[in-house]
Amino acid sequence: FKNARKMVSKSRVKVLKSTYNYEETISASFKNARMITNAWVGIYDYDADLKKGDPGVDDPLMWVYTGCNNVMGDQNTNNNCAVKKKHGQVDFKEDNTYGWPLPEGKYMVMISFDNNSPHGNIKFNRTEFRITA
């Protein structure tokens, strides 16, 4: 448990721009404390009252695996992503995620380290970014 908290505290995620146009690819950089399968970055409504341990964390507006940069993964029998990346960039766009495009509004990103139950293993970045028409 202590190692999980350390991993979360040493990890980072942030969008590359403060404003995106409607239907523009949204890009975020990430840094994981260690490489892990099925880590993912999600986009949430900025005003969502989410906290670590909140089951609402399971329902991002959009998400992509950090290793595969998509939601389809890289496995033949399921949609898991075996690729592990310690740092890099993910892109949210029409052909690699669900929920595209997001409407105008304020959003935030977070990174999760546990594909099936991320409530306690998340890192929020409450830095606001906007989508405009």
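Residues numbered from 1 in each chain as written. Predicted model: local features only at pLDDT ≥ 70, side-chain atom pairs only at ≥ 80, totals over all residues. Heavy atoms only, no water.

> Could you clarify how one ought to interpret the state of the cysteines in this entry?
Formally, a disulfide is one covalent bond, and it connects the sulfur atom of one cysteine to the sulfur atom of another. This model, assessed by the stated rule, comprises 1 disulfide. Bridging C68 to C81, the disulfide has an S-S length of 2.1 Å. An S-S torsion of about 95° defines the bridge between C68 and C81 as right-handed. Here C68, found in the loop between β5 (62-65) and β6 (87-92), pairs with C81, found in the loop between β5 and β6; they are 13 residues apart in sequence, far enough to count as distant. (Disulfide = S-S within 2.5 Å. Helix = DSSP H or I, 4+ residues; strand = E, 2+ residues; numbered from the N terminus.)

> Looking at this model, I keep getting lost on the nonpolar core. Mind explaining?
As a rule of thumb, nonpolar side chains are buried together in soluble globular proteins. Counting 22 residues, the largest nonpolar core has I26, I43, F92 and F129 as its most contacted members. When residues of this core are traced back to their parent elements, those giving at least two are β1 (12-15), β3 (26-31), β4 (40-45), β5, β6, β7 (105-112) and β8 (122-132). Here I26 is in contact with V15, Y20, I43, V90, D91, F92, L102, F129 and I131, once residues within four sequence places are set aside. With 12 residues, the next largest nonpolar core counts W40, V71, C81 and I122 among its residues. (Core = buried A, V, L, I, M, F, W, Y, C linked by side-chain atoms within 4.5 Å. Buried < 20%, exposed > 50% of the residue type's maximum accessible area, 1.4 Å probe, protein only. Contact = heavy atoms within 4.5 Å.)

> Got a minute to help me understand the confidence of the model for the protein chain in this structure?
Do not read the fine detail of predicted coordinates wherever pLDDT is low. When pLDDT is averaged across the protein chain, the result is 86; 81% of the residues are at 70 or more. Across the protein chain, strand β2 (residues 19-21) holds the top mean pLDDT of 98, while helix α1 (residues 2-9) sits lowest at 58. (pLDDT = per-residue confidence, 0-100.)

> Any chance you could explain the environment of L61 here in plain terms?
You can see L61 is positioned in the loop between β4 and β5. Separated by 39 residues in the primary sequence, L61 and W100 have C-alpha atoms spaced 8.8 Å apart. Aside from chain neighbours lying at most four places away, what touches L61 is I43, Y44, D45, Y98, G99, L102 and Y107.

> Could you clarify how one ought to interpret unusual backbone geometry in this entry?
Look at the link from W100 to P101: it is a cis peptide, with omega at -10°. Along the chain, the position of P101 falls in the loop between β6 and β7. At N38, a residue that is not glycine, the phi angle is positive and equals roughly 60°. Here N38 shows up in the loop between β3 and β4. In the Ramachandran plot, N69 falls in the positive-phi region, its phi being about 55° despite a non-glycine side chain. Mapped onto the elements of the fold, N69 is located in the loop between β5 and β6. In this structure N69 comes out as partly exposed when scored by relative accessible area, which is 21%.

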